Amino acid sequence: MKLSLLSGQAGCRAQASHVFPTKLGSGPRLQWGLTRLAGTERSSRDREGLQGQGRGTARAVPTLSSAPSSAEMLRGKRVIVTGASSGIGEQMAYHLARMEAHLLLTARTEAKLQKVVERCLELGAASARYISGSMDSPSLPEQVLREAENTWGGLDMLILNHIGQSGFTFFSGDVGHVRKLMETNFVSYVALATAALPMLKESEGSIVVVSSIAGKVAGPFTAPYSATKFALDGFFSSLRQELIIEKVNVSITLCILGYINTESAVRAVSHVIPDTPAPKEECALEIIRAGFLRHRELHYPARTVSTMLLIHSISPELLNSIIRSSYRLENVQRT
Ligand SMILES: NC(=O)C1=CN([C@@H]2O[C@H](COP(=O)(O)OP(=O)(O)OC[C@H]3O[C@@H](n4cnc5c(N)ncnc54)[C@H](OP(=O)(O)O)[C@@H]3O)[C@@H](O)[C@H]2O)C=CC1
Ligand SMILES: C[C@H](CCC(=O)NCCS(=O)(=O)O)[C@H]1CC[C@H]2[C@@H]3C(=O)C[C@@H]4C[C@H](O)CC[C@]4(C)[C@H]3CC[C@]12C
């Protein structure tokens, strides 16, 4: 594990985000973002609803109408983002930086994290630092949370996003790979959340778990990955119930994502799946917004994911056969 020396106050001002404007965004476009939330996006949110945690406690749960603009959502809040050196995690770091949050980022590749931290400081992060290391190491989760406690004395949001590498192919029979992926994609999430809970209880903060439609509906070629994402749903949905029973005001948001245009996903599946992936920048902002609003689940892109879940609830066989017939099976590589 390596700790960064890079941290500091906000650097030069941010450029506006291309998808959802944050602090420099113009009024009408921001309005459009909120209108959109109240329209198409809202249908899935309404169905999922807000969590019951903390009802009757002093803290108000932000609603869509009372929610601050995206620029103000997490100003000054202390946020950990795992898997922040690329893809959706990197984009979340940039949005949070524009919101002037304090950031602690993790991933394995130090050189990439260094660049992301530098960019975050340029974009306006209140502070930004990183810890590099692999999440299949049992000691890393506690080290990350200790760093948050030593630096900030608390934590407001834990965004669990990293995944270990896994192919998009027939299951090879490699049980060792399944075991390692479970450790990286599932057990480390449990360990990070466990170590974070005391601080999150104190701040009445939030846990955001980034999962996939593959963690609700098992299609072909993702058997080990899918197993890790189903496990996240089982664990965190059960934990959420316990927090509600114990009146602990820590929210848990499970993010059910469809195909997103990150480099690694496009590289893994574009030769098999002809669909156009959704934009990672917008996806990242939707995840942050859902966590801030303490939603139970996020479906992104809303229409695709919600439709898939609806068909699955009516006829799993039908959905399975639609998925199989939409793939270019002849292009699936066998290992
Ligand atoms: N993109 C998509 O289509 C979809 C993505 N998702 C989910 O979104 C999340 C982000 O995915 P995406 O942005 O595409 O992924 P990326 O591959 O772009 O990013 C993965 C991140 O995890 C880090 N990472 C990889 N291995 C380890 C490890 N062993 N220990 C610690 N960190 C590690 C990577 O950095 P480094 O290599 O430096 O360690 C990187 O920062 C995941 O939870 C994924 O399941 C869900 C559905 C669809
Ligand atoms: C393609 C899968 C689901 C079907 C879908 O959403 N199609 C698009 C229809 S649309 O055009 O109308 O929007 C993908 C859903 C989950 C994806 C997988 C995932 O969860 C991330 C993995 C990350 C890893 O780095 C490699 C790729 C993934 C296996 C990725 C592959 C595509 C999905 C299965």
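Along each chain, residues carry numbers from 1 onward, in the same order as the chain's sequence is written. For naming, the first written chain is A and the first written ligand is 1, with later ones following in the order written. The predicted nature of this model means local features are confined to residues of pLDDT at least 70 and side-chain atom pairs, given and counted, to a pLDDT of 80 or more, with totals for whole chains, interfaces and linings taken over all residues. Heavy atoms throughout the structure, all of them, feed into the side-chain values; hydrogens and water do not.

1. Some thoughts on the site of ligand 1
We define proximity as follows: a residue is near a molecule or strand when any one of its heavy atoms falls within 4 Å of that partner. Contacts to ligand 1 come from 30 residues, most closely from S85, R108, T109, Y225 and T262. Whenever a nitrogen or oxygen atom comes within 3.5 Å of another N or O atom, the pair is scored as a polar contact, on the condition that within protein one atom can donate a hydrogen and the other can accept it, and that pairs from neighbouring residues in sequence are kept only if both atoms are in side chains. Contact distances for ligand 1 include 2.7 Å between an oxygen atom and a side-chain N or O atom of S85. For ligand 1, the accessible surface in isolation is 890 Å², of which the surrounding protein chains cover 91%. For the shell around ligand 1, the secondary-structure elements that each account for two or more residues are helix 2 (87-98), helix 5 (175-203), strand 6 (206-212), helix 6 (223-245) and helix 7 (263-269). In this count, Pro and Cys sit with the nonpolar residues alongside Ala, Val, Leu, Ile, Met, Phe, Trp and Tyr, while Asp, Glu, Lys and Arg are called charged and the others, Gly among them, polar. Of the residues assigned to the shell around ligand 1, the class counts are 12 nonpolar, 16 polar and 2 charged. Note on areas: Shrake-Rupley with a 1.4 Å probe; residue coverage comes only from the protein chains shown. Comment: elements are numbered from the N terminus, with helices defined as DSSP H or I runs of at least four residues and strands as E runs of at least two.

2. Let's talk about the pattern of salt bridges
Salt bridges are defined as contacts in which a side-chain nitrogen from Lys or Arg sits within 4 Å of a carboxyl oxygen from Asp or Glu. As enumerated under the stated definition, the model contains 8 salt bridges in all. Measuring nitrogen to oxygen at the nearest pair gives 2.9 Å for the salt bridge that ties R78 to D156. With R78 in strand 2 (residues 78-82) and D156 in the loop between helix 4 (140-152) and strand 5 (157-160), this residue pair connects regions lying 78 residues apart in the sequence. Partly exposed describes any residue whose relative accessible area lies between the buried limit of under 20% and the exposed limit of over 50%, with all areas from a 1.4 Å probe on protein chains only and scaled to the type maximum. The buried category is assigned to D156, whose relative accessible area is 13%. K180 serves as the salt-bridge partner of D136, at 3.4 Å between the closest nitrogen and oxygen. Of this pair, D136 sits in the loop between strand 4 (127-132) and helix 4 while K180 sits in helix 5, placing them 44 residues apart in sequence. With a relative accessible area of 24%, D136 lands in the partly exposed category. One connected set of salt bridges, linked through shared partners, spans K216, D233 and E297.

3. Some details on the packing of aromatic side chains
Stacked, tilted and edge-to-face are the three classes assigned to paired rings of Phe, Tyr and Trp, where Trp is represented by its six-membered ring and a pair needs centres within 6.5 Å; plane angles under 30 degrees give stacked, over 60 edge-to-face, the rest tilted. Evaluation of the coordinates by the stated rule reveals 6 aromatic pairs. Ring centres of F168 and F221 lie 5.6 Å apart, and the angle between their planes is 65°; on these two criteria the pair is classed as edge-to-face. You can see F168 sitting in the loop between strand 5 and helix 5 and its partner F221 sitting in the loop between strand 6 and helix 6, a full 53 residues away along the chain. You can call F168 buried: its relative accessible area is 12%. Given a relative accessible area of 9%, F221 falls into the buried group. Considering the side-chain rings of F186 and F235, the 6.2 Å spacing of their centres and the 75° angle between planes classify their relative orientation as edge-to-face. Here F186, found in helix 5, pairs with F235, found in helix 6; they are 49 residues apart in sequence, far enough to count as distant. An aromatic cluster is present here, built from F168, F170, F221 and Y327 joined pairwise through their rings. For a lysine, the NZ atom is tested; for an arginine, the CZ atom; a charge sits over a ring if that atom is within 6 Å of the ring centre and within 35 degrees of the ring normal. Directly above the ring of F170 sits R334, whose terminal nitrogen or CZ lies 4.0 Å from the centroid.

4. Concerning helix 6
Given 3.6 residues per helical turn, the α-helix brings residues three or four places apart onto the same face. With 23 residues, helix 6 extends 33 Å between its outermost C-alpha atoms, agreeing within 8% with the 33 Å of an ideal straight helix rising 1.5 Å per residue. Looking one or two places after helix 6, you find K247, whose phi comes out positive at around 55°. What a helix should span is 1.5 Å times the count of its residues minus one.

5. A few points about the side chain of T106
Relative to the helices and strands, T106 is located in strand 3 (residues 102-107). For T106, a relative accessible area of 2% corresponds to the buried category. Residues are treated as being in contact if the distance between any of their heavy atoms lies within 4.5 Å. In contact with T106, other than residues within four places in its own chain, are V81, T82, G83, A84, S85, L113, I131, M135 and V144.

6. Comments concerning the site of ligand 2
S212, I213, Y225, I273 and D275 are the nearest of the 15 residues found near ligand 2. For ligand 2, a nitrogen atom lies 3.4 Å from a polar atom in the side chain of D275. In this structure, an oxygen atom belonging to ligand 2 sits 3.4 Å away from a side-chain N or O atom of T304. Coverage of ligand 2 by the protein amounts to 81% of the 690 Å² it exposes when considered alone. When residues of the shell around ligand 2 are assigned to their parent elements, the largest contribution, 4 residues, is made by helix 7. When its residues are assigned to classes, the shell around ligand 2 shows 9 nonpolar, 5 polar and 1 charged.

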